[in-house]
Amino acid sequence: LDPWMKVLDPRAYDTAAARHEQTIGSILLRHVQRMLLIQTLFALLIYLFLSNSIVTNVFSANPHSNNMKASVFIALTLDGFIAGKDGSVDFLNDYQSSASKEDGDMGFSNFLNSVDLLVFGRKTWDQVISFGVDVWPYGDRKVWIWSRNPSDVHIPECIAKQAKAICASPPDIMKLAGDEGYQHAYIDGGTTIHEFLQHGYIQELILTRVPLLLGSGVPLFSSNTNKLPLEHLVTRSYSNGLVQSHYRVVKES
């Protein structure tokens, strides 16, 4: 403002000064508003980023986020063994041969028809192929053999296209299976079942009790198995003395 204006025309000077103050005030107000808007947008971007990270972490930590299902179908003695000390399951032969026509295969075929992937432990795999591939009961389903040394696993040439050895953690195996489009995995083998149970990947267990006390052998459950509540779905008994119970794993909140 011209200082002479204050002398020559005080009223005009006061009016101009007031307008000048209003202009400066408006500029400051717009600046403050602009800074608040920038801060709000920045805070919103941080919130969206953190929210997306949380959702991603929740789903990645959820064992069943890819809708992959895993089940167990296995026979065990009354004292909890799935095989003898040498890994043999010869004790099952008498019961299988004595099953009636009505007993059939005690639900195994129906179960297998719901499965599109088999995950076997190394010892279970060796036992399976020892029976000979001419009695291979798994059709053309893919088989993954869980082993610390995949290169040492023997896979007969006739099933080499559908079977492979894999060394990975249960979470990685389940994620890979889900990514490849599998829906239902059949988990078999004492250690393999234990590890997948401990990681929370098994939803259902179909346990067939053999009326036999073996005394020693390969246990299905070990002393370090975590507490795991089960929901009983159904129990069936067969003419050869086998009793089969179907359980669903209850997820604790």
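For the structure itself, look to the data block above.
Definitions and cut-offs
- The residue numbers shown here count from 1 along each chain, following its written sequence.
- Residue-level local features of this predicted model are given only where pLDDT is at least 70; pairs of side-chain atoms are given and counted only at 80 or more, and the full residue set underlies all totals for whole chains, interfaces and linings.
- Each side-chain value is derived from all of the structure's non-hydrogen atoms; neither hydrogens nor water enter the calculation.
- For this analysis, a nonpolar core means a set of buried residues of the types Ala, Val, Leu, Ile, Met, Phe, Trp, Tyr and Cys, connected via side-chain atoms within 4.5 Å.
- For the exposure calls, accessible area comes from a 1.4 Å probe over protein chains only, and a residue counts as buried if that area is under 20% of its type's maximum, exposed if over 50%, partly exposed in between.
- Put simply, DSSP H or I for four residues or longer makes a helix, DSSP E for two residues or longer makes a strand, and each gets a number counted from the N terminus.
- Should any heavy atoms of two residues lie within 4.5 Å, those residues are counted as being in contact.
- Here, strands pair whenever DSSP counts at least two bridges between them.
- Throughout, an axis means a line fitted to C-alpha atoms (over the contacting stretch in the case of helices), and angles, computed between N-to-C directions, take values from 0 to 180 degrees.
- Each C-beta atom gives one direction from the helix axis, and the arc is the one those directions make.
- Salt bridges are counted wherever a side-chain nitrogen of Lys or Arg sits within 4 Å of a carboxyl oxygen of Asp or Glu.

Asker: With reference to specific residues and values, describe the nonpolar core.
Answerer: Ranked by size, the top nonpolar core spans 36 residues in total, and within it L117, I187, I193, F196 and I202 carry the most contacts. Mapped by element, the contributors of at least two residues to this core are β1 (69–77), β2 (81–83), β3 (117–121), β4 (142–146), α6 (170–179), β6 (184–188), α7 (190–198) and β7 (204–210). Here the element with the most residues in this core is β1; it accounts for 4 residues. Not counting residues up to four positions away in its chain, the partners in contact with I187 are A70, S71, V72, V119, T192, I193, F196 and I202.

Asker: So what's going on with the sheet that holds β3? Residues and values would help.
Answerer: Strand order in the open sheet formed by 8 strands is β5-β4-β3-β6-β1-β7-β10-β9, and the pairing between neighbours is mixed. Looking at which strands have only one partner, the edges of the open sheet turn out to be β5 (163–166) and β9 (230–237). The average angle at which neighbouring strand axes cross in this sheet is 20°, direction not considered. The sheet contact formed by β7 and strand β10 (residues 243–249) spans 6 bridges and is antiparallel. Note on β10: the bridge partner recorded for R209 is V243. Here helix α5 (residues 122–130) sits on the sheet in contact with β3, β4, β5 and β6, set at roughly 105° to β3. Along the sheet, α7 makes contact with β1, β3, β4, β6, β7 and β10, crossing β6 at roughly 130°.

Asker: Could you give an account of α5, naming the residues involved and the relevant values?
Answerer: When α5 is considered as a whole, its buried residues turn out to be T124, W125, V128 and I129. Taken end-on, α5 shows its buried residues confined to a sector of 125°, consistent with a single buried face. Set apart from the buried face of α5 by more than 90 degrees, the exposed residues are K123 and S130. In this fold, the buried residues of α5 make contact with β3, β4, β5 and β6. One or two steps after α5, the chain reaches G132, where phi turns positive at roughly 100°.

Asker: Tell me about the pattern of salt bridges, and name the residues and values.
Answerer: This model, assessed by the stated rule, comprises 4 salt bridges. For K69, the salt bridge goes to E204, with nearest N and O atoms at 3.5 Å. Residue K69 is located in strand β1, and its partner E204 is located in strand β7; the two are separated by 135 residues in the primary sequence. Assessed through its relative accessible area of 29%, K69 is described here as partly exposed. In this structure E204 comes out as buried when scored by relative accessible area, which is 15%. A salt bridge links R248 to E231; the shortest N-O distance between them is 3.1 Å. Here R248, found in strand β10, pairs with E231, found in strand β9; they are 17 residues apart in sequence, far enough to count as distant. Classification of E231 by relative accessible area gives partly exposed; the value is 36%.

Nothing here speaks to function; it is geometry throughout.
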